[in-house]
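Secondary and tertiary structure notes
Each chain is listed here by its residues.
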Amino acid sequence: AGQGGHAYLQEWLWWAGLLCMGVGEAANFAAYAFAPATLVTPLGALSVLVSAVLSSTFLNEQLNVHGKIGCILSILGSTVMVIHAPQEEEVSSLESMAEKLKDPGFIVFAVCVLVSSLLLIFVAGPRYGQSNVLVYVLVCSAIGSLSVSCVKGLGIALKELFSGKPVLKEPLGWVLLVCLVICISVQINYLNKALDIFNTSVVTPIYYVLFTTAVMTCSAILFKEWQHMVLDNSIGTISGFLTIVCGIFLLHAFRDMPFTPDLLPLFL
């Protein structure tokens, strides 16, 4: 994948993993339809935590003291974010969603994302993609912020469809679906490139932080989630997110360091 190949598409194990991720993202899809993206996306840190625990259980990977502290911090940060979660502006129909998408602030944001992604893919990628982990991860994160917006719109369309409205005749729903497929395809392609070139323990935390930051920025512009937040909720949301970031960093940055409680007196 790092050299531009797609041989992994012939591996059944890769497809099994992709299918499992698809089931998880379907649940994520449902969450985006009913809750603010600023709340849903950071809670994705719990998947990193669960994968670390499962790796320790089934793959015999050692979860050292740093990793256990990182797990605790991720749980605490997620709890704080749930308590101080922002409220997005109510969007109950595709017409309202269309008005949001026409907002000048979002249009400028989307254009900046697309231009920067094209520069990263065609200019920075060939030069620095093999040596700098940020190149491909930034592409995934930037495009991912747009895919979340598409998911939110499709969630609204599905709710209208189940309520009996003629959503299938609305062109916006189909446009969002096509954009979502394109965004997800780009994300999968460049995330596989990054994982093939660089260590997973490096890619995962960087991708989580950049992706979550991009999604929170996009949601703040599109759905005005932060517009009516009081100061303590704003501080709580940011503090919870930074706590999760610290937890993810500890969980992955020191995963190969042989540090156990028995060595603590020696370090002190």
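Everything here concerns the structure above.
Our subject in this report is the structure included herewith. If you're wondering where the values come from, they're calculated on a predicted model, not measured in any experiment. (Residues numbered from 1 in each chain as written. Predicted model: local features only at pLDDT ≥ 70, side-chain atom pairs only at ≥ 80, totals over all residues. Heavy atoms only, no water.)

On to the overall build of the protein chain, then. Looking only at helices and strands, one finds 11 helices and 0 strands in the protein chain. Going from N to C terminus, the protein chain has its helices and strands arranged as α-α-α-α-α-α-α-α-α-α-α. Expressed as a percentage of its 268 residues, the buried residues of the protein chain come to 41%. (Helix = DSSP H or I, 4+ residues; strand = E, 2+ residues; numbered from the N terminus. Buried < 20%, exposed > 50% of the residue type's maximum accessible area, 1.4 Å probe, protein only.)

Right, let's get into the pattern of salt bridges. Opposite charge on two side chains lets them pair, provided their charged atoms get close. Enumeration over the complete set of coordinates arrives at 1 salt bridge. A salt bridge links Lys165 to Glu160, with the shortest nitrogen-to-oxygen separation between them at 3.7 Å. The class of Lys165 is partly exposed, set by a relative accessible area of 44%. A relative accessible area of 8% places Glu160 in the buried class. (Salt bridge = Lys/Arg side-chain N within 4 Å of Asp/Glu carboxyl O.)

Across its 27 residues, helix α8 (residues 171–197) extends 40 Å between first and last C-alpha, which sits within 8% of the 39 Å expected from 1.5 Å per residue. Turning to α8, its buried residues are Leu172, Gly173, Leu176, Leu180, Cys183, Gln187, Asn189, Tyr190, Asn192, Lys193 and Ala194. (Expected span 1.5 Å × (residues − 1).)

Structurally, the position occupied by Asn192 is in helix α8. Within polar-contact distance, the side chain of Asn192 engages the backbone oxygen of Ile188 at 2.7 Å. (Polar contact = N/O pair within 3.5 Å; in protein donor to acceptor, adjacent residues only side chain to side chain.)

Turning next to helix α4 (residues 65–83). With 19 residues, α4 should cover 27 Å at 1.5 Å per step; its first-to-last C-alpha distance of 27 Å lies within 8% of that length. Within the sequence span of α4, burial applies to His66, Gly67, Gly70, Cys71, Ser74, Gly77, Ser78 and Met81. Buried residues along α4 cover an arc of 140 degrees about the axis, so they all sit on one side. Across α4 from its buried face, at more than 90 degrees, point the exposed residues Ile72 and Ile83. (Arc of directions from axis to C-beta.)

There is a patch of nonpolar side chains on the surface, built from Ile107, Val111, Val115, Leu118, Leu119, Phe122 and Val123 and spanning about 640 Å² of accessible area. Position of Val115 relative to the elements: it lies in helix α6 (residues 104–128). (Patch = residues over 30% accessible without salt bridge, like charges linked within 9 Å, V, L, I, M, F, W, Y side chains within 5 Å. Areas by Shrake-Rupley, 256 points an atom, 1.4 Å probe, with all protein chains shown as cover.)

Below, the discussion takes up the nonpolar core. Grouped burial of nonpolar side chains is what soluble globular proteins tend to show. Within the largest apolar cluster, 44 residues are counted, with the highest numbers of intra-cluster contacts made by Met97 and Leu146. The set of elements that each furnish at least two residues to this core consists of α2 (37–40), α5 (94–101), α6, α7 (134–162), α8 and α9 (200–222). In terms of residue count, α7 provides more of this core than any other element does, 14 residues in total. When we break this core down by domain, the ones giving at least three residues each are domain 1 (35–88 + 230–255) and domain 2 (91–224). Beyond its immediate chain neighbours, meaning those up to four positions away, Leu146 contacts Phe106, Phe109, Ala110, Val113, Leu114 and Cys183. Counting 11 residues, the second-largest nonpolar core is a separate cluster that includes Leu49, Cys71, Met216 and Ile244. (Core = buried A, V, L, I, M, F, W, Y, C linked by side-chain atoms within 4.5 Å. Domains from an automatic or database assignment. Contact = heavy atoms within 4.5 Å.)

Before going further, it helps to examine the packing of aromatic side chains. For the structure on display, the rule yields 3 aromatic pairs. For the ring pair Trp14 and Trp15, a centre distance of 5.1 Å and an interplane angle of 90 degrees mean the geometry is edge-to-face. Accessibility expressed as a relative area gives 44% for Trp15, which makes it partly exposed. (Phe/Tyr/Trp six-rings, centres within 6.5 Å; stacked < 30°, edge-to-face > 60°.)

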